[in-house]
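Structural overview
Below, each chain spelled out in residue letters.
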Amino acid sequence: MDLFPLYITVKVSLIATACTITVGLVLAWVMAKRAFWGKGLLDALIMQPLVIPPTVLGYYLLVAFGSSGPVGNFLEETLGIEVVFTWKGAVVAAFISSLPLFVKPARAAFEGVGADIENAARLLGKTEFEVIRTVTLPLAWRGLLAGAVMAFARATGEFGATLMIAGNIPGLTQTLPIAIYDAVQSGDYATANTLVGIITLFSFSVLYVAGRFSRVRF
Amino acid sequence: MLQLSLKKKLEGFSIDVDLELDEELLVLFGPSGAGKTMILKMVSGIVKPDSGRVAAGSETLFDAASGIDLPMRQRKVGYLFQDYALFPHMTVAGNIAYGIEGRTKDFIKEKVAELVSLMRLTGLEERYPDELSGGQKQRTALARTLAAEPRVLLLDEPFSALDYQVREKLRADLLNIHRMYPITTVLVTHDLEEAFMLGKRVAVINNGFIEQVGTQEDVFYRPRTRNVARFMGVRNIFSGMVAGFDGQHVMIDNPDIGTIKAPVLPGREFVPGNEVTFCIRPEEILVIRPDKVLGRVQDNILECEIVGTVGRGSTHILYLEAGEGRTPIKAELPNFVLRKLELAVGLRIRVSLKKENIWLIP
């Protein structure tokens, strides 16, 4: 049996989750700790992928990242990176759709670290970066972990947007959820069952391990 | 030394204060919502004033005119938060060591040990904040603040979350510590007893303004405004018309209380017909034995009716009413006096407002 869909799914999800955590930490911190004009708009924008249909999101991405789209054109011209109908397209789809699932709990976790505690650290002579490293992150990590697990799970399960921007090319962009759809369409229930089993076991294990881990004290 | 002059517009009211402190402990006393905490926040840099200046020793921490606004980490201002704001993920020792800067490990260890023993935290070094009692948390927070060697110490209602016995002990501790480390300290409280116990100097704040700054005795016995008198628990505040003035005493007419004779501080002048406000503390009111025959003519005797009594531990509060207008008067007596004179509701008694205890509010 071809295990390529499993390999590409793990690869895409890990890279997408890494991007989500990196970008999401900054966004969540800024949303939690800073007041600025347009905060509500930015929030609505980040949360969009939760509410618009995945195919619509995929369409936006296809237009933006296509070789004539603003982002795609820039990437191709200056960096020589092609996104559409490659595994990188799947990363983009997984990243954008999992971002709100990380930002929301992460923002709540950062907001949960009271202003007094952070000000106490500042008044004890610490820089903003030191405050984040020694106080905010250690106190918020449970929420951040929960967000990261949700984001990772969402990235592994991404279907609609991935299909739009990365397509369904076996051995190249065919991720697990798409391979399952494909197998069912062609009546290959043996493959479908195996892949469904794998993804179910995988998702369950991730949630279980994360749950155990988050009960550890500090 | 700390000099501050702060102005800030807030929703509903504004703050406008000027204060100067030496290496002393000043109590900032006032009702809730008077702006006490906001003043500490502006001194520490948590909140930026609209205008004004804050200077500690020779260093300017904030000056709106020249655009100086030191970040919190450079102010060296120690702040004890009302709920202590301990780092819950660090032990007692970790919390105390947090603000000790860039020295060797041994130096930090030694300093932590010193503060642990000073603050009576021995044996608790490895505990986490959620394993400490209220008093232990407060001492840990104070140790953490002192460890960073602040030049100014700000204490925001440091005893409000503690029960009575612990509070007594920790107040005494604080005075000891202040003797050992004479840091310029501002202590915020709305507790009159605390203000009286801790502050040689008291600043009374109301509605964003300092109504009076002075020694404990000044503020307590010689309030400069009606509000200060009220906050200090004076309770008996009356108005009257100047009926006569002989340079040393002023005679004041009040329809219910009668004519009151009160001593006048040198330099003050009174014009007959003007209105004046005078006050007397409840515990300064004397009840005259019912059978006592007043020999010579005495000043400031008035007759009133007891309308209520409330026990307050070792004393009783007597609620009295005087005259046609039933002006309320509050007196506080030791319990044995109440028993001996068999004072009860409904009784008419004579009380004396001894003239040396009457204070004329300027």
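The structure contained in this document is the topic of the report that follows.

Parameters and conventions
- Residues numbered from 1 in each chain as written.
- Chains lettered and ligands numbered in written order.
- Predicted model: local features only at pLDDT ≥ 70, side-chain atom pairs only at ≥ 80, totals over all residues.
- Heavy atoms only, no water.
- Helix = DSSP H or I, 4+ residues; strand = E, 2+ residues; numbered from the N terminus.
- Buried < 20%, exposed > 50% of the residue type's maximum accessible area, 1.4 Å probe, protein only.
- Contact = heavy atoms within 4.5 Å.
- Pairing = 2+ DSSP bridges.
- Axes fitted to C-alpha atoms, helices over the stretch in contact; angles between N-to-C directions.
- 1 Å grid on protein atoms, 1.4 Å probe; cavity = no way out; pocket = protein on both sides within 12 Å on 5 of 7 lines; lining within 4 Å.
- Points joined across faces, edges and corners; volume = space filled by probe spheres on them.
- Nonpolar A, V, L, I, M, F, W, Y, C, P; charged D, E, K, R; others polar.
- Expected span 1.5 Å × (residues − 1).

Some details on the overall build of chain B
The helix and strand tally for chain B stands at 10 helices and 21 strands. Expressed along its principal axes, the backbone C-alpha trace of chain B runs to roughly 80 × 50 × 35 Å. Across the 362 residues of chain B, 49% fall into the buried class. Taking contacts inside chain B between residues at least 6 apart in sequence as the whole, the part at least 24 apart equals 65%.

As for the sheet that holds strand S14 (residues 258-263) of chain B
Residues and elements named next belong to chain B. On the basis of which strands lie adjacent, the open sheet formed by five strands has the order S14-S13-S12-S15-S21 and antiparallel pairing. Each of the sheet's edge strands pairs with one partner strand only, and the pair in question is S14 and strand S21 (359-361). Across the sheet, the axes of successive neighbouring strands diverge by a mean angle of 45°, strand direction being ignored. Taken together, the four bridges between strand S12 (residues 236-245) and strand S13 (residues 249-254) define a ladder with antiparallel strand orientation. Among the inter-strand pairings, Gly 244 is bridged to a residue of S13, identified as Met 251.

A look at the layout of surface pockets
Residues and elements named next belong to chain B. Approximately 510 Å³ is the volume attributed to the largest pocket. Broken down by secondary-structure element, the contributors of at least two residues to the lining of the largest pocket are helix H7 (192-198), helix H9 (226-231) and strand S19 (327-334). The greatest single-element share of the lining of the largest pocket, amounting to three residues, is contributed by H7. Residue composition of the lining of the largest pocket, by class: eight nonpolar, one polar and eight charged.

Concerning helix H10 (residues 189-213) of chain A
Compared with the 36 Å implied by 1.5 Å per residue over 25 residues, the 36 Å span of H10(A) between its first and last C-alpha is a close match. Listed in full, the buried residues belonging to H10(A) are Ala192(A), Leu195(A), Ile199(A) and Ala210(A).

Things to note about the sheet that holds strand S20 (residues 348-353) of chain B
Residue and element names in this part refer to chain B. With respect to topology, five strands assemble into an open sheet ordered S16-S20-S17-S18-S19, the strand pairing being antiparallel. Edge strands, defined here as strands with exactly one partner in the open sheet, are strand S16 (285-288) and S19. Each neighbouring strand pair of the sheet contributes to a mean axis angle of 45°, computed without reference to strand direction. Note: S16 against S20, four bridges, orientation antiparallel. Among the inter-strand pairings, Val 287 is bridged to a residue of S20, identified as Val 351.

Digging into the environment of Ile100(B)
Residues and elements named next belong to chain B. Position of Ile 100 relative to the elements: it lies in the loop between helix H3 (92-97) and helix H4 (105-118). Judged by its relative accessible area of 7%, Ile 100 is buried. Separated by 12 residues in the primary sequence, Ile 100 and Val 112 place their C-alpha atoms 8.9 Å from one another. For Ile 100, the residues in contact, after removing those within four places along its chain, are Phe 107, Ile 108, Lys 111, Val 112 and Ala 147.

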